[in-house]
Amino acid sequence: MSDQDSEPDLSRRHYITLAGSAGALSVAGCTGNGGSGDDGSSGDDGSSGDDGSGGDDGSGTTTLELQHWWTDGGGAVGMEALQEGFQEKHPDIEINDNPVAGGGGTNLQAVIRNRVLEGNPPSTWQDWPGANLSDYVEAGVLKDIGYIFEGDMEENYRDGPLLSARAGNEDNPYVAVPLNIHRVNNLFWDISSVEEAGVDMGSISDPNEYVEVLAQIDDQIETPALSLSMAAPWTVLQLWSSNLIGLYDAQTYQDFRAGEDITSEVEAALEVTADQFEYVTPDAGSVGSDAARLKLPEGNGVMLMEGDWAAGNLFAADGYEYDEHWQHMPYPGTDGVYNINTDGFPYPQPNPTPDATDKWMQWVGSAEAQRVFCDPKGAIPCRTDVDLSEFSPLMQEQFEDFQSDTGVLTLAHGDGVSPQQGTSLKNAMSRFMDNRNVEATAGALMDAMTL
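Nothing here was measured: the structure is a model prediction, and the numbers come from that model.

Here is what the cut-offs are and how they apply
- Residues numbered from 1 in each chain as written.
- Predicted model: local features only at pLDDT ≥ 70, side-chain atom pairs only at ≥ 80, totals over all residues.
- Heavy atoms only, no water.
- Pairing = 2+ DSSP bridges.
- Helix = DSSP H or I, 4+ residues; strand = E, 2+ residues; numbered from the N terminus.
- Axes fitted to C-alpha atoms, helices over the stretch in contact; angles between N-to-C directions.
- Phe/Tyr/Trp six-rings, centres within 6.5 Å; stacked < 30°, edge-to-face > 60°.
- Buried < 20%, exposed > 50% of the residue type's maximum accessible area, 1.4 Å probe, protein only.
- Contact = heavy atoms within 4.5 Å.
- Core = buried A, V, L, I, M, F, W, Y, C linked by side-chain atoms within 4.5 Å.

Turning our eyes to something else, we now look at the sheet that holds strand β7 (residues 303–306). Spatially, the three strands line up as an open sheet ordered β7-β6-β8, and their pairing is antiparallel. In the strand order of this sheet, the two ends are held by β7 and β8 (326–330), each with one partner. Within this sheet the neighbouring strands show an average axis-to-axis angle of 20°, counted without direction. By the bridge criterion, five bridges tie strand β6 (residues 186–190) to β8 in an arrangement that is antiparallel. Bridge pairing in β8 links Asn 186 to Pro 330.

In space, the four strands of this open sheet follow the order β10-β5-β9-β11, with mixed pairing throughout. Sheet topology places β10 (380–381) and β11 (406–409) at the edges, where each strand pairs with a single neighbour. By the bridge criterion, four bridges tie strand β9 (residues 337–346) to β11 in an arrangement that is parallel. Considered in β11, the bridge of Asn 339 is made with Val 408.

Right, let's get into the packing of aromatic side chains. Scanning the entire structure with this criterion turns up 16 aromatic pairs. Centroid distance Trp 70 to Phe 345: 6.3 Å. Interplanar angle 75°. Geometry classified as edge-to-face. Taken as a pair, Trp 70 in the loop between β2 (62–67) and α2 (73–89) and Phe 345 in strand β9 lie far apart in primary sequence, 275 residues in all. As far as the burial class goes, Trp 70 and Phe 345 line up, both buried. With a centroid separation of 5.2 Å and 70° between ring planes, the pair formed by Trp 240 and Phe 256 is classed as edge-to-face. Here Phe 256 lies in helix α11 (residues 250–257) and Trp 240 lies in helix α10 (residues 234–247), a separation of 16 residues in the sequence.

This part is about the environment of Ile 380. Following the sequence through the fold, Ile 380 ends up in strand β10. Given a relative accessible area of 0%, Ile 380 falls into the buried group. For the pair Ile 380 and Asn 180, spaced 200 residues apart in the sequence, the C-alpha separation amounts to 5.8 Å. Beyond its immediate chain neighbours, meaning those up to four positions away, Ile 380 contacts Asn 180, Ile 181, Tyr 338, Cys 374, Met 395, Gln 398, Phe 399 and Phe 402.

Looking now at the side chain of Thr 334. Inspection of the secondary structure assignment puts Thr 334 in the loop between β8 and β9. What Thr 334 contacts, discounting residues up to four positions off in sequence, is Arg 183, Asn 185, Ser 242, Ile 245 and Gly 246.

Soluble globular proteins tend to pack their nonpolar side chains together in the buried interior. Counting residues in hydrophobic clusters, the biggest one holds 68 residues, and the most contacted among them are Leu 82, Phe 149, Val 177, Phe 188, Phe 345 and Trp 360. With five residues, the top contributor of residues to this core is helix α16 (residues 354–364). If we skip the residues at most four places from it in the chain, Val 177 touches Ile 145, Ile 148, Phe 149, Met 153, Tyr 157, Gly 344, Phe 345, Met 361, Val 364 and Gly 365. One finds Val 194, Ile 217, Trp 240 and Met 449 within the second-largest nonpolar core, a separate group that totals 58 residues.

Structure, rendered in structure tokens:
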């Protein structure tokens, strides 16, 4: 698998697995945008109008095709810095920036699986390392890039991201380069609105008390209490996951991931989630996640339960300052738990631009790249040797928590579940948003973890 030009052995069984996942991903994401970009300017197939073939164009310039969903807010700022830093080091490599926005990454993932099936992958793409990449590893369409990690990267990467780089299994080779670490279980709020409603944020100890606070805000002020995008199911899945941890503990969450029968706990977390639906903004069913985050600085929402990438959107909002206009804490009841989501770049084979892709992977894995990317994105680095002295106070606090908290892998973003499990979980949540059927949804969630 180490040969750069080797062809993958895409057997019929592997083809069916990838094709089935691509179709299921499309279904899971069909309820709307909800991703880190609210509009996608790419074509329906994710193409940018050229053939995406890359390679030397005859002038000595190589084109590296990148696909990602970072099109707005802190993600867009971080991606711009990442690409600028790369091109300063490699001016002979032109970047074909080919984003696919929306669906919290689901839209891009469907596009990528189809391109892989057609034998026409981009040079690399943004994805979630970990179990999410297991289908690609099984199909043999990701390259062994152990040579990229030898020395500096392997010595300075944290153990968790190193495992994610192996698609979550120590028996796998390195197939992706993780770039950052996110915390999923966060609560953000607008300071002036909370003060106007007379809420004491320090008094909220669990999700049930959080529902009481939402009710108090709803009663005291006109601004909607909870800004939540319900246009795609991943946001509700991560809310429910935080409720499960907040009502119980990290071990209960891990029991669910392991397929243990914790039906009563799952139902209790669904009941709380349904109660929270009563306080969402009127347009929750149609608004994308970036727009939902921006309701706080716009004065159209009071609270936001999101990953710390939402901090990137709030940092990017003009005149909306951390600790002056908005604040943050771990989601109620989850203090001491770090629900982890990792972004990174897989290395497909065959690869249209292997030399340029090697250089991109080396750059993404460097301390410099993670320094310029992570703070505006609202994330912490995968490496241990990144200087955080110029990071925002919030991200420095997140880093301190990461070092001491119990880490668990996210369900909503693929780090801790296979593609089949993730799709089934999101489909269950999509139905739950429509019917609020706690018993049926609990059964579907439990069934998903046995796949």
